[in-house]
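A closer look at the structure
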Amino acid sequence: MRGRLVAILSVLPLAEALPAPADAAEPIRIGFFQLTLGGDVSGSLAGKDSVRFNETEYGRSLLRVLRLGLCGELKMGAHLAVLAETRSENLEAPRLYALYLRARPWQNHAFDVQAGMVPPVFGAFVRRYGTDSALIGYPLAYHYPTLLRPDSFPRDVPNLLRWRGSGWRVRYPVGSHEYDHGLPLITALRWDTGIQARLVAGSWQLSGAVTQGTLSNPLVRDDNGSKQLSSRIAWRSSRGLEAGVSFARGGYVSQEIVDRLPAARGRDFRQQAVGLDFEQDWGHWILRGEGMWSGWDAVAATPPLLGTRLSAGAVTLEARFRPWPGVTLAARYDQLAFGDVLGPDGPASWDAPVSRLEVGAGYALRHNLTLKVSYQRNRRDGGSFQRGDFVAVQGSAWF
Amino acid sequence: MVLTRVAAATLAWLVAAVAGAGSHSMISGRVELHGDPPPVAPRPRVAALGMPPGPIEVVDRRQAVVYLEEAPRRAFEESERGHVVLDQRNESFLPHVLAITVGTTVDFVNSDALYHNVFSLSKAKRFDLGRYPRGQRKSVLFDSPGVVRVFCEIHSHMSAFILVFAHRYFALTQSDGRYRIEDVPPGNYTVVAWHEGESRASRSVEVRPNESVELDFVLP
C-alpha cells in the first residue's frame, strides 16, 4: 500500500474553477422582494474615425468607447418586476437606458406587459444579437446618422443635398441652428417610452407597443401628440430558424417646430418602417439577416420637399462561426441606400449610400471575458469622406 | 536489469491487488453546509420583451463531493468506460454537479424547447458542442482528470461542474448531506470535501481492514 501515488489530485486543478458567484447572479432577498444585479464593461479602441462611419448620436465612435453598464431586476412576487439599466460612456455621468415595470398577469400563460422606457419590439439586433456578436461595430441601420433631424429642417431640396453624406454633423436654416447629428433608421442606443405587450403561443410570438417617440427618435415625453405604433410577429421552428416581420409608424417631428412653418401646419410628419429579420442556428454556425425600409415625411420650408416621403433601405447579413472552444469568427455585410429626390441636376438619392464589410475574431479568456479584433471596410458614395478602413480591438466582460 | 524491474513492479501490483481485494472498509459521514447556498438567478434580461416563456429550474447547489486526495496505485489502473447523462432542462443543467472517472462519456441531452450550446473552457477539457435542439444529445469523452466547468453559450445563468477523477474513491453527497466511499483499501488518507468550485475542508484518516470510518465535515 506504500505504492501509493500522490494523486496531485491527479485530479483537481481547482484554481480555474471559481465559485458560482463569479459567474451567476445570486439574488438578494428581502421579504417579498428579490433583487438581481448584473453588469458589463467593454472598451474598444481603433484609429481616429475622422470620416465618421461609426458615429453615434452621442458624438463618439462605436469603435472608440469605454462603456460601463449596470442592470437590475427587482422582482415583486411571481407576477411583477421592475427592470432598469444605466450606462456610462467614457466615464461620463451615467444615463438611464431602460426603466420599466414588467407584469405577467397569468402565471401559466406567456403573456407579458411592460411599461416605461422599454426595449424596441421592431427588428432583432437590439434584443437578439446586440451582445453576442463577435464584431465590434453595429449594423448601419442601428446607428448611422442620416441627413434628417427632428429639430432642424432644410429650406428645399438643394439645401438638403448640400449636406449629402454628412449626417454626422448637419444644420439647416429652419428650426435649430446648431450643428448636430441626423437620425438613424432605428437607434440601438436609446429606448422609447411607452407600453408594450408580448404573447408567446407555441412557435409564434406576437408583440406590440405604443410609445412616445419613433424608431429614429425615441422620447421620454411626447412632443407632437402622435404616438408610435410598432409590432413584430415572429415564428420559431424547432430546427433553429426564427423569422420575424416588423412594422412601426409614428410622428417624429416636434409640434413646436411644425407650428413655426405656416406651410406645414395641420400636416402629419411620420416615420413609417417595415422590417424583416431571420436567424438560423446550425451547430457552430449562426446566420442572421435583417432588411428594413423606412420612410419619413419630410419637413421643409416649402414644397415640393415639404411632405415628400424620404425613404431609406438597409440590409444586413451576418455569419458567425465557432471553430474551436472559445474562438469565434464573424463577418457582416451592411448596405444602406436612400430614395431619390428631384434635385437641380436631376434625380439623386437624398443621402449618400453607404456600405460596410466587417470581419472579426473573438477569443474568450473566460466564459464572461472576451477579446475581439475586427477589420472594417466602409464606403460612402458621396460627401467629403468616402472611405474609411479601421482595425479595432475590444475587451469585454460581464458579471 | 530491466526484467528484474518489470518483475518487481508486477509483484508489487499483485500484492497491492490482493491486499485491496475483498476489503470492505468504508469512509462515510455527512457534509454540513453553514447555511444553504442561495439559488442562482438569470442575470436581468432587460432587452427581453417579457419573462422567460417557461419555468426556470431552481438548481440545488447544496451537493458536495468528498474524495481521497491520494489513492492506491491500482486505483489509477482501473478504467470505467461508462456513459452518464447531464440533462438541460428548464434552462438548467441537471444535475448541477457530476463526479466521474477518467474514461467516462457524458451525454449532454437537451430536454428544453429552446436551443442550447454547451461549452467549457476548462483546462481539463475544452469543448464546444454548438447549438442543438430539443431531443438531441451530444457526447464528450472526459479523458483527463480535473474540474470542468460547463456553461451554455446562449443562457449565461446555466452552469454545472464535472469533477473528473483518476480513481474511483469519491462520492457525491445525498440530499441529507450523507456520503459513502466504499471498498477503500486500508491505509492513511487525506479526505477532501469540495463544494461549488472549491476544496473547502480536508481531514486525515486511517482506514483499517473491514472497518468503517465516520468522517463529518462542516463547510463554512
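Rules used in this analysis
- Residues numbered from 1 in each chain as written.
- Chains lettered and ligands numbered in written order.
- Predicted model: local features only at pLDDT ≥ 70, side-chain atom pairs only at ≥ 80, totals over all residues.
- Helix = DSSP H or I, 4+ residues; strand = E, 2+ residues; numbered from the N terminus.
- Rg over C-alpha atoms; globule rule 2.2 N^0.38 Å.
- Buried ≥ 20, exposed ≤ 12 C-beta atoms within 10 Å, placed from the backbone.
- Contact = placed C-beta atoms within 7 Å.
- Pairing = 2+ DSSP bridges.
- pLDDT = per-residue confidence, 0-100.
- Axes fitted to C-alpha atoms, helices over the stretch in contact; angles between N-to-C directions.
- Core = buried A, V, L, I, M, F, W, Y, C linked by C-beta atoms within 7 Å.
- Domains from an automatic or database assignment.
- Nonpolar A, V, L, I, M, F, W, Y, C, P; charged D, E, K, R; others polar.

Let's shift gears to the overall build of chain A. Per the secondary structure count, chain A includes 3 helices and 22 strands. Relative to a compact globule of 399 residues, whose C-alpha radius of gyration would be 21 Å, chain A shows 23 Å and is just as compact. Counting all 399 residues of chain A, 43% fall into the buried class.

Secondary structure summary: chain B contains 1 helix and 18 strands in total. The buried share among the 220 residues of chain B stands at 47%. Contacts in chain B between residues far apart in sequence, at least 24 positions, make up 64% of those at least 6 positions apart.

All right, on to the pairing of strand β9 (residues 125-132) of chain B then. Residue and element names in this part refer to chain B. For strand β8 (residues 116-122) and β9, the ladder comprises 6 bridges, and the chain directions are antiparallel. Looking across to β9, one finds that Phe 119 is bridged to Asp 128. Count of turn residues in the β8/β9 antiparallel hairpin: 2 residues.

Let's shift gears to the pairing of strand β11 (residues 204-211) of chain A. Residue and element names in this part refer to chain A. With burial as the criterion, only one face of β11 is covered, namely that bearing Gln 205, Ser 207, Ala 209 and Thr 211; the residues Trp 204, Leu 206, Gly 208 and Val 210 on the opposite face remain uncovered. In the sheet, strand β10 (residues 192-201) pairs with β11 via 8 bridges, with the strands oriented antiparallel. Across the sheet, Gly 194 pairs through a bridge with Thr 211, a residue of β11. In this structure, the hairpin formed by β10 and β11 is closed by a connection of 2 residues, where Gly 202 is found at a positive phi of approximately 60°.

What follows is about the confidence of the model for chain B. Residues and elements named next belong to chain B. In this model, chain B carries an average pLDDT of 85, and 86% of its residues clear a pLDDT of 70 or more. In this model residues 1-21 is a low-confidence stretch, pLDDT under 50, and it forms 13 contacts with partners more than four residues away in sequence or in other chains. Taken together, the chains of this predicted complex give a pTM of 0.87 and an interface ipTM of 0.85.

What follows deals with the sheet that holds strand β11 (residues 146-152) of chain B. All names here are of chain B. On the basis of which strands lie adjacent, the open sheet formed by 5 strands has the order β6-β12-β11-β8-β9 and mixed pairing. At either end of the open sheet lies a strand with only one pairing partner, and these are β6 (97-101) and β9. The average angle at which neighbouring strand axes cross in this sheet is 20°, direction not considered. Across 2 bridges, the pairing between β8 and β11 is antiparallel. Within β11, the residue paired with Phe 119 across the bridge is Phe 151.

A word on the environment of Val 205 of chain B. Residue and element names in this part refer to chain B. With respect to the helices and strands, the residue Val 205 is situated in strand β16 (residues 198-207). Owing to 16 C-beta atoms within 10 Å, Val 205 belongs among the partly exposed residues under this scheme. In this structure, Val 205 is in contact with Ile 27, Tyr 189, Val 191, Val 213 and Leu 215, ignoring residues within four places of it in sequence.

Moving on, we get to the nonpolar core. When a protein is soluble and globular, its nonpolar side chains tend to lie buried together. Core analysis: the largest hydrophobic core is formed by 67 residues, its most contacted members being Ala 141, Leu 160, Leu 185, Val 299, Ala 314, Leu 336 and Trp 350 of chain A. Leaving out residues up to four positions away in the same chain, Ala 314 of chain A has contacts with Leu 140, Ala 141, Leu 185, Met 292, Gln 335 and Leu 336 of chain A. Listed in part, the 51 residues of the second largest apolar core include Val 109, Ala 124, Phe 142 and Phe 161 of chain B.

Before going further, it helps to spend a moment on the sheet that holds β16 of chain B. Residues and elements named next belong to chain B. Spatially, the 4 strands line up as an open sheet ordered β13-β2-β15-β16, and their pairing is antiparallel. Only two strands of the sheet have a single neighbouring strand rather than two, namely β13 (170-172) and β16. On average, each strand axis in the sheet is inclined to that of its neighbour by 20°, with strand direction left out of account.

Further remarks concern the domain arrangement of chain B. Residues and elements named next belong to chain B. Looking at chain B, the domain boundaries give domain 1 (1-78 + 168-220) and domain 2 (79-166). Contact residues are listed per partner, giving 22 residues for domain 1 and 16 residues for domain 2. A breakdown of the residues in the side of domain 1 that touches domain 2 according to their chemical character gives 13 nonpolar, 3 polar and 6 charged.

In the predicted model, chain A carries a mean pLDDT of 89, and 93% of its residues have values of at least 70. A low-confidence stretch, residues 1-22 of chain A (pLDDT under 50), is modelled with 56 contacts involving residues beyond four sequence positions or located in other chains.

In this section: the environment of Gly 225 of chain A. Residue and element names in this part refer to chain A. Looking at where Gly 225 falls in the secondary structure, it is placed in the loop between β11 and β12 (228-236). Residue Gly 225 is classed as exposed on the basis of its 7 C-beta neighbours within 10 Å. Separated by 105 residues in sequence, Gly 225 and Ala 330 have C-alpha atoms that sit 43 Å apart.

Its place among the elements puts Asp 281 of chain A in strand β14 (residues 270-282). Residues Asp 281 of chain A and Arg 239 of chain A, 42 residues apart in the sequence, show an inter-C-alpha distance of 7.9 Å.

A word on unusual backbone geometry. Going from Leu 94 of chain B to Pro 95 of chain B, the amide bond is cis rather than trans, its omega being 0°. Positive phi outside glycine occurs at Arg 52 of chain A, with the angle close to 60°. With respect to the secondary-structure elements, Arg 52 of chain A resides in the loop between β3 (33-46) and β4 (66-76). If you check the backbone angles, Glu 91 of chain B has positive phi at about 55° while not being a glycine. Position of Glu 91 of chain B relative to the elements: it lies in the loop between β4 (83-89) and β5 (92-94).

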